[in-house]
Amino acid sequence: MKINYPAKAHLICAICLLIPLSVMSWESSEYGTMVGELFYSARSAALSGADLALSETGPLLSNAANLGRNEKTTLIFTYSDAFSGAYNNSMLQYATPLTKNSGLGVSLAYLHVPGIEDTRNIDITNIDLDNVERFSVSEIWLRVGYGHRNELGMFNLHYGGAINARRRRLEKVMGYGIGLDAGIVLSTEDPNLSLGLMVENITGNFVHWSYNYKEYSKPNVRFSFAWSRELPYVYGHLLFAYTSPDMLSNEGINKGWDGNDSEEPQQVSLREEPWLMIRAGRYGLEYSIMETVILRAGLQRGDFSMGGGVILFENKLNADFTYLTHELAGTWKMSVTYNWH
């Protein structure tokens, strides 16, 4: 029997969300914060999350150090539909300057996975989806970050931190977690270059489940850079961004990059395979035309993303759209951004 895309996607989501329950004897889990990668704005998603040296707010994979670069107050609403409606998530981001060299960011994100087919206790060779029990799961993230900037001659040093709080509701249990991230970015205007380093889960991202089980996610360290330049002859602006995989090999992103397609690939570390910095990295390219129309593309571990945006009312209102490819089915995201002084 052939299972449609949403059914397959539900099964994958269930595995990712329920794995911590199946490893109750463990105290650490590399899957603990993986769901956070779903919470991108449309712009970041189109760049495959490669803009870590520029992104400023949002749960995970955003560097709070950049909050000190804000010159305007920004409000972003993002909505996503994944795997042909298998699940959806939404996010509200707010960032504002506090002083000339500091800024604050607050993000609230919600993930809902409805109608997951519970196939744990049935014969998978003979599945009747009409008679399979279903349940839903959800996740809520709240992130508060602060960033500061210091001028060092021709360089600007940005540094900051963020607190992540989350609530995960599974079929019968509830989990609550908190984590701390920090980052630094060194930037220069000529050339227009940004170099960043971000540490996630500094003390471990803790989750306390309702049945007295505690898990934590180990720290992740990522390097990133972004380079951009004006193209005056074609009235455009070009941006290239890169973000490395976790350099501590503490997350599932580094699994399966050993050239082995086995069902249970071995954990691969950057020490053993330094080429993972290239092969498992995130790459993004953005081209804006006359500060009005923007085209974007990204690449991450063989999955492509593409999108675009329009800038309206003298950059007071932006609209962005992204489509991400996947072997199951595509995902689209839409963001609306409002800027004011």
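These numbers were taken from a predicted model, which means no experiment stands behind them.

Undergrad: Outline the overall build of the chain, supporting the account with residue identities and numerical values.
TA: Looking only at helices and strands, one finds 3 helices and 16 strands in the chain. For the chain, the proportion of its 341 residues judged to be buried stands at 47%. Counted over contacts in the chain with a minimum sequence separation of 6, partners at least 24 positions apart contribute 57%.

Undergrad: Tell me about the pairing of strand E2 (residues 87–99), and please be specific about residues and values.
TA: Bridge count for strand E1 (residues 73–82) against E2 is 9 bridges, and the pairing is antiparallel. For Leu-75, the partnering residue across the bridge sits in E2 and is Tyr-94. Remark: 4 residues form the turn of the hairpin made by E1 and E2, two consecutive strands paired antiparallel; Phe-83 in that turn has positive phi of roughly 50°. Relative to strand E3 (residues 102–117), E2 is paired through 11 bridges, and the arrangement is antiparallel. If you follow Leu-92 over to E3, its bridge partner there is Leu-108. In this structure, the hairpin formed by E2 and E3 is closed by a connection of 2 residues.

Undergrad: Describe the packing of aromatic side chains, and please don't skip the residues or the numbers.
TA: A complete count under the given rule lists 9 aromatic pairs for this structure. Pairing Phe-39 with Trp-141 gives two aromatic rings, centres 6.3 Å apart and planes at 70°, and the pair type is edge-to-face. Here Phe-39 is found in the loop between helix H1 (5–22) and helix H2 (42–46), whereas its partner Trp-141 is found in strand E4 (residues 134–152), with 102 residues between them in sequence. Exposure class is identical for Phe-39 and Trp-141. Each is buried. One aromatic cluster is present, built from ring pairs that chain together Phe-223, Phe-225, Phe-240, Tyr-242 and Tyr-283.

Undergrad: Can you lay out the pattern of salt bridges for me, pointing to particular residues and giving the numbers?
TA: In total, this model carries 7 salt bridges according to the counting rule given. A salt bridge links Arg-43 to Glu-286; the shortest N-O distance between them is 2.9 Å. Note that Arg-43 is positioned in helix H2 and Glu-286 in strand E12 (residues 282–289), a separation of 243 residues in sequence. In this structure Arg-43 comes out as partly exposed when scored by relative accessible area, which is 27%. The partner of Arg-168 in a salt bridge is Glu-139, and the shortest N-O contact between them spans 2.7 Å. In this pair, Arg-168 sits in strand E5 (residues 155–169) while Glu-139 sits in strand E4, placing the two residues 29 residues apart along the sequence. Comparing Arg-168 with Glu-139 shows no difference in burial state: the two are buried. What emerges from the salt-bridge pattern is a single network uniting Arg-43, Glu-286, Arg-296 and Asp-320.

Undergrad: Residue-level account of the environment of Thr-78, with values.
TA: On the secondary structure map, Thr-78 appears in strand E1. Classification of Thr-78 as buried rests on a relative accessible area of 1%. For the pair formed by Thr-78 and Leu-92, sequence separation is 14 residues and the distance between their alpha carbons is 6.5 Å. For Thr-78, the side chain forms a polar contact with the side chain of Ser-335, separated by 2.6 Å.

Undergrad: Outline the nonpolar core, listing residues and values.
TA: Phe-39, Tyr-87, Val-113, Val-137 and Trp-209 are the most contacted members of the largest nonpolar core, which has 19 residues in total. Of all the secondary structure elements, the ones that give two or more residues to this core are E2, E3, E4 and strand E8 (205–209). Residue contributions to this core peak at 4 residues, all from E3.

Undergrad: Summarise a nonpolar patch on the surface; cite the residues concerned and give the values.
TA: On the surface, Leu-75, Phe-77, Leu-92, Tyr-94, Leu-108, Leu-142, Val-144, Tyr-338 and Trp-340 cluster together into a nonpolar patch covering about 760 Å² of accessible area. At the level of elements, E1, E2, E4 and strand E16 (331–340) are the ones that each hand at least two residues to the nonpolar patch. By the element assignment, Leu-142 lies in strand E4. Overall, Leu-142 belongs to the partly exposed group, its relative accessible area being 38%.

Undergrad: Which residues make up the environment of Asp-246, and what values go with them?
TA: Locating Asp-246 in the fold gives a position in the loop between strand E11 (236–243) and helix H3 (276–279). For Asp-246, a relative accessible area of 0% puts it in the buried group. The sequence separation of Asp-246 and Val-199 amounts to 47 residues, and the corresponding C-alpha distance is 9.4 Å. In terms of polar contacts, Asp-246 uses its side chain to reach the backbone amide nitrogen of Val-221, at 2.9 Å. Within polar-contact distance, the side chain of Asp-246 engages the backbone nitrogen of Leu-248 at 3.1 Å.

Here is what the cut-offs are and how they apply
Residues numbered from 1 in each chain as written. Predicted model: local features only at pLDDT ≥ 70, side-chain atom pairs only at ≥ 80, totals over all residues. Heavy atoms only, no water. Helix = DSSP H or I, 4+ residues; strand = E, 2+ residues; numbered from the N terminus. Buried < 20%, exposed > 50% of the residue type's maximum accessible area, 1.4 Å probe, protein only. Contact = heavy atoms within 4.5 Å. Pairing = 2+ DSSP bridges. Phe/Tyr/Trp six-rings, centres within 6.5 Å; stacked < 30°, edge-to-face > 60°. Salt bridge = Lys/Arg side-chain N within 4 Å of Asp/Glu carboxyl O. Polar contact = N/O pair within 3.5 Å; in protein donor to acceptor, adjacent residues only side chain to side chain. Core = buried A, V, L, I, M, F, W, Y, C linked by side-chain atoms within 4.5 Å. Patch = residues over 30% accessible without salt bridge, like charges linked within 9 Å, V, L, I, M, F, W, Y side chains within 5 Å. Areas by Shrake-Rupley, 256 points an atom, 1.4 Å probe, with all protein chains shown as cover.

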